[in-house]
Amino acid sequence: APAGTLFRGTGAQSRPDVDVREPVATPTSAGGAALIAAAPQPASYALVIGIEKYRDVAAATGARRDAESFAELTRQTLGVPEDHVRLLLDDRATKTDIAKQVRWLQTNVTAGGRVYVYFSGHGAPDPATGVSYIVPYDGDPQYLTESAIKMSDILDDLEKTKAKDVLAIADSCFSGAGGRSVLAPGTRPLVHVERVKSVARVALFSASSGAEISGPTSDGTGGLFSRYLIEALGSGAADINGDGQISLAELDEWIRPRVKRDAKKANRDQTPSLQVGKKLGEPGEFIVAWGYGK
């Protein structure tokens, strides 16, 4: 990848053929819940990153479990082949580790395939500009440009794979106000967080909007957004119209009110945010999973 960028992939959207199969309940190794098997996606690849224990900043509680659960979802529900899934946890998710696995995506994803990138951990804002960064294991909020990864660079680098479409998911926040975001010591939380610019063939589904906090579940075991994301896809609950498939529109429609409701109970605002690149069509046309039994 060119210097200064870390991710890029493509995602021109077309509606996949629906291959409806009877659901199969498979126990997941992360959390004990049963996951339904939807239609397999043999041409899909997944890079899953979860950083709970950081080298230089406070822990992002539950982030490792979130990532393990999402990785299991990609295998069991989405049917991504085992050798197409890369899982980076804690000290194996340095800035260099992440860059290496992005290069793996750029090298191995075939034309017409799909890429899933999931990140659970801290985000951080540039206090001067409001630009959003994700914080790798060795990241330091005092030296963001040197040690962290700009979210816009992630999306740009995802454009460089041969994939037909890319779904990037971030269970983090970028306000510096707490939760899954960090600031350099002595820095005040931002009022304004710059919106990440959309990339034509990438969809970005984030746990919160603007200056909000991405918070935990009520029992503190993981991220609130990730909990509902995994339930929505892993049980097929987000198939709102019952047609055996789940679109990005349905995923957003099912997750958003539940996250908002539970966050309100914890006396905070959290509204998941969905941005869909202009070459992907409408959110209802981006089918995340299909082949759910009726």
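Residues numbered from 1 in each chain as written. Predicted model: local features only at pLDDT ≥ 70, side-chain atom pairs only at ≥ 80, totals over all residues. Heavy atoms only, no water.

Caption draft 1: Representation of the pairing of strand 9 (residues 165-171). By the criterion of burial, strand 9 is predominantly enclosed, with seven of the seven residues buried. Of the two faces of strand 9, the one lined by Asp 165, Leu 167, Ile 169 and Asp 171 and the one lined by Val 166, Ala 168 and Ala 170 are each fully buried. Here strand 5 (residues 114-120) pairs with strand 9 via seven bridges, running parallel. Pairing of Tyr 116 across the sheet is with Leu 167, part of strand 9. (Buried < 20%, exposed > 50% of the residue type's maximum accessible area, 1.4 Å probe, protein only. Helix = DSSP H or I, 4+ residues; strand = E, 2+ residues; numbered from the N terminus. Pairing = 2+ DSSP bridges.)

Caption draft 2: The arrangement of the packing of helix 5 (residues 224-234) against helix 6 (residues 248-265) in detail. Look at helix 5 against helix 6: their axes get within 9 Å of each other, and the N-to-C directions meet at 145°. Here the hand of the crossing between helix 5 and helix 6 comes out right-handed. Taken together, the residues of helix 6 that come into contact with helix 5 (itself represented by Leu 224, Phe 225, Arg 227, Tyr 228, Leu 229, Glu 231, Ala 232 and Leu 233) are Leu 251, Trp 254, Ile 255, Arg 258, Val 259, Arg 261, Asp 262 and Ala 263. Taken together, the residues of the contact of helix 5 with helix 6 break down into 11 nonpolar, no polar and five charged. (Axes fitted to C-alpha atoms, helices over the stretch in contact; angles between N-to-C directions. Left-handed = near helix turned anticlockwise from the far one by under 90°. Contact = heavy atoms within 4.5 Å. Nonpolar A, V, L, I, M, F, W, Y, C, P; charged D, E, K, R; others polar.)

Caption draft 3: Spotlight on helix 5. In terms of burial, helix 5 is largely enclosed, as nine of its 11 residues are buried. Of the residues making up helix 5, those classed as buried are Leu 224, Phe 225, Ser 226, Tyr 228, Leu 229, Ile 230, Ala 232, Leu 233 and Gly 234. Downstream of helix 5 by a residue or two, Gly 236 has a phi angle that is positive, lying close to 80°.

Caption draft 4: Spatial organisation of the sheet that holds strand 8 (residues 149-150). Spatially, the three strands line up as an open sheet ordered 6-7-8, and their pairing is antiparallel. With partners counted over all chains shown, the strands left at the sheet margins are strand 6 (123-125) and strand 8, one partner each. As judged from the two bridges shared by strand 7 (residues 132-134) and strand 8, these two strands associate in the antiparallel manner. If you follow Ile 134 over to strand 8, its bridge partner there is Ile 149.

Caption draft 5: A look at unusual backbone geometry. Phi at Asp 90 takes a positive value of approximately 50°, unusual for a residue other than glycine. Tracing the chain through its elements places Asp 90 in the loop between strand 4 (85-89) and helix 2 (95-108).

Caption draft 6: Structural detail: the side chain of Asp 165. Relative to the elements of secondary structure, Asp 165 occurs in strand 9. Accessibility expressed as a relative area gives 0% for Asp 165, which makes it buried. Only 2.8 Å separates the side chain of Asp 165 from the side chain of Arg 114, close enough to count as a polar contact. (Polar contact = N/O pair within 3.5 Å; in protein donor to acceptor, adjacent residues only side chain to side chain.)

Caption draft 7: Inspection of the side chain of Thr 74 at higher detail. You can see Thr 74 is positioned in helix 1 (residues 63-76). Exposure remark for Thr 74: the relative accessible area of 0% places this residue in the buried category. With near-sequence residues (within four places) excluded, Thr 74 lies in contact with Ala 46, Gly 79, Val 80 and Val 85.

Caption draft 8: Main features of the pattern of salt bridges. The tally for this structure, following the rule as stated, stands at nine salt bridges. Of the charged contacts, one joins Arg 55 and Asp 56 as a salt bridge, the two residues approaching to 3.1 Å between their closest N and O atoms. With relative accessibility at 44%, the residue Asp 56 sits in the partly exposed group. A salt bridge links Asp 269 to Lys 264; the nearest nitrogen and oxygen atoms lie 2.6 Å apart. Salt bridges sharing common partners tie together Arg 64, Glu 68 and Asp 90. (Salt bridge = Lys/Arg side-chain N within 4 Å of Asp/Glu carboxyl O.)

Caption draft 9: Molecular detail of the pairing of strand 5. Summarising burial for strand 5: seven of the seven residues are buried, a large majority. Burial of strand 5 is two-sided: the residues Arg 114, Tyr 116, Tyr 118 and Ser 120 facing one way and the residues Val 115, Val 117 and Phe 119 facing the other way are all buried.

Caption draft 10: Inspection of the nonpolar core at higher detail. Counting residues in each nonpolar core, the largest one holds 41 residues, and the members touching the most others are Leu 167, Leu 229, Leu 233, Leu 251 and Ile 255. Considering every element that reaches this core, the biggest residue donor is helix 5, with seven residues. What Ile 255 contacts, discounting residues up to four positions off in sequence, is Phe 205, Phe 225, Tyr 228, Leu 229, Ala 232 and Pro 272. Counting 39 residues, the second-largest nonpolar core is a separate cluster that includes Ile 134, Tyr 137, Met 151 and Val 202. (Core = buried A, V, L, I, M, F, W, Y, C linked by side-chain atoms within 4.5 Å.)

Caption draft 11: Local environment of the packing of helix 1 against helix 5. Between helix 1 and helix 5, the least distance of the axes is 10 Å, while the angle of their chain directions is 15°. Relative to helix 5, helix 1 is oriented roughly parallel. By crossing handedness, the relation of helix 1 to helix 5 is classed as left-handed. Across the interface between the two elements, Asp 66, Ser 69, Phe 70 and Leu 73 of helix 1 pack against Ser 226, Leu 229, Ile 230, Leu 233 and Gly 234 of helix 5. Looking at the contact of helix 1 with helix 5, its residues break down into five nonpolar, three polar and one charged. (Parallel < 35°, antiparallel > 145°, perpendicular 65-115°, else oblique.)

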